[in-house]
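# Examination of the molecular architecture
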Amino acid sequence: MFFGSDNTSGVHPKIMEALARANDGYAAPYAGDRWTAELTERLRDMFQAPDALVYPMVSGTGTNAALLAAMTPPWGIIYCHKTAHIEVDERNSVPFYSGGAKLKLLSGVGSRLEPAELRQAVIGDSGDDIHASPPAAVSLTNLTEFGELYRPTDIAALAEASRLPLHLDGARFANAMVASGATPWEMTRELSALSLGATKTGAMGAEAAVIFDPAYQEAFESQRMRGGHNLSKSRYISAQILAWLEDDLWLELATQANAMGARLAQGLADIGGELTFTTEGNLVFARLPRKMHVKAKAKGAVYHLWGPNTALAGDPEEPLLARFVASWSTTEADVDALLAALAD
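Residues numbered from 1 in each chain as written. Predicted model: local features only at pLDDT ≥ 70, side-chain atom pairs only at ≥ 80, totals over all residues. Heavy atoms only, no water.

With that settled, the discussion passes to the overall build of the chain. Within the chain, the regular secondary structure consists of 14 helices and 11 strands. A globule of 344 residues ought to have a C-alpha radius of gyration of about 20 Å, and the chain, at 21 Å, matches this closely. Across its three principal axes, the chain shows a C-alpha extent of roughly 60 × 60 × 30 Å. Counting all 344 residues of the chain, 53% fall into the buried class. (Helix = DSSP H or I, 4+ residues; strand = E, 2+ residues; numbered from the N terminus. Rg over C-alpha atoms; globule rule 2.2 N^0.38 Å. Buried < 20%, exposed > 50% of the residue type's maximum accessible area, 1.4 Å probe, protein only.)

Another aspect to go through is the environment of L312. Tracing the sequence through the fold places L312 in the loop between β10 (304–305) and β11 (319–325). With 99 residues separating them along the chain, L312 and D213 place their C-alpha atoms 49 Å apart. In this structure L312 touches R290, H293, V294, K297 and L305, once residues within four positions along its chain are discounted. (Contact = heavy atoms within 4.5 Å.)

A few words on the sheet that holds β10. The strand order across the open sheet built from 4 strands is β8-β9-β11-β10, with neighbouring strands paired in antiparallel fashion. Taken across any chain shown, the strands that pair with only one partner, and hence form the sheet edges, are β8 (274–275) and β10. In the sheet, strand β9 (residues 283–289) pairs with β11 via 7 bridges, with the strands oriented antiparallel. Bridge pairing in β11 places V284 opposite F324. (Pairing = 2+ DSSP bridges.)

Looking now at the side chain of S195. Mapped onto the secondary structure, S195 falls in strand β6 (residues 193–197). Residue S195 is classed as buried on the basis of its relative accessible area of 3%. Setting aside anything within four residues of it in sequence, one finds S195 in contact with T63, N64, L67, H167, L168, D169, G170, A171 and A208.

Okay, here's the thing in structure tokens:
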């Protein structure tokens, strides 16, 4: 009954096997190895972007920060949703890396940016006033922090509304791809940069910074170096992502996680839970009476109560919001055990 996060699951056996194979012999350091060269070509082909630049990384936060710092000057504005991971979970890493760039938070609709609001914000910040910070970039999270989906048409509308370089935080990119039914090219064709995450979908620890606009190469490489993310043994990251992509394993694992998210959402609704966001992937948010949480926690269920009220002591009938996250290794039995723990 582990639904705390999808990064609590183990490493898929095929990825572990790939790591063992990559451990045989010697390889050039700092991305000069054959695995990274192969990964670069694999991602260029997948995204239909022959000039894309690919950098193995180990941290989603570091990838986001280094990419966005390369995309904006220290005096620029980066627009994002008020619930974006770069705002609520990365401890001001983007302003730190960039030397001062400002995150401007927008309310959007649900947990997604809304084109009209974004357009008005950009227009309001544009002009030649030396006292004000100018628009520089937009950062999206897909799936969002509340499990909602940006489809390619949504991203295109935001690109048109802002006319700014777009960055996508893809910590759950595989889940978004499965939920959308889009091709990798369709999902990324409007982007200047992508933080591609495999860690939450079966890898040990593997991310990739994918730069579609080569104008950001020098700035990104400098930020990566200064931040301590120029990895000596890049082959171990690249080998993981290659195995993750092989035979569409990444989509297979995301399909399982999303299916278990859907099963859990339906089950929570059936026992009286109030779903607070549309479940489009593997994250489920629901309000349930405190007494249900007390029972489930006592039986060993692992998930997070969410928001300002997380106390297990109090009115047993008061509904409390909780976040449940299914992973690639979540089974139907796991979901059913959680539902039973809540309801029995």
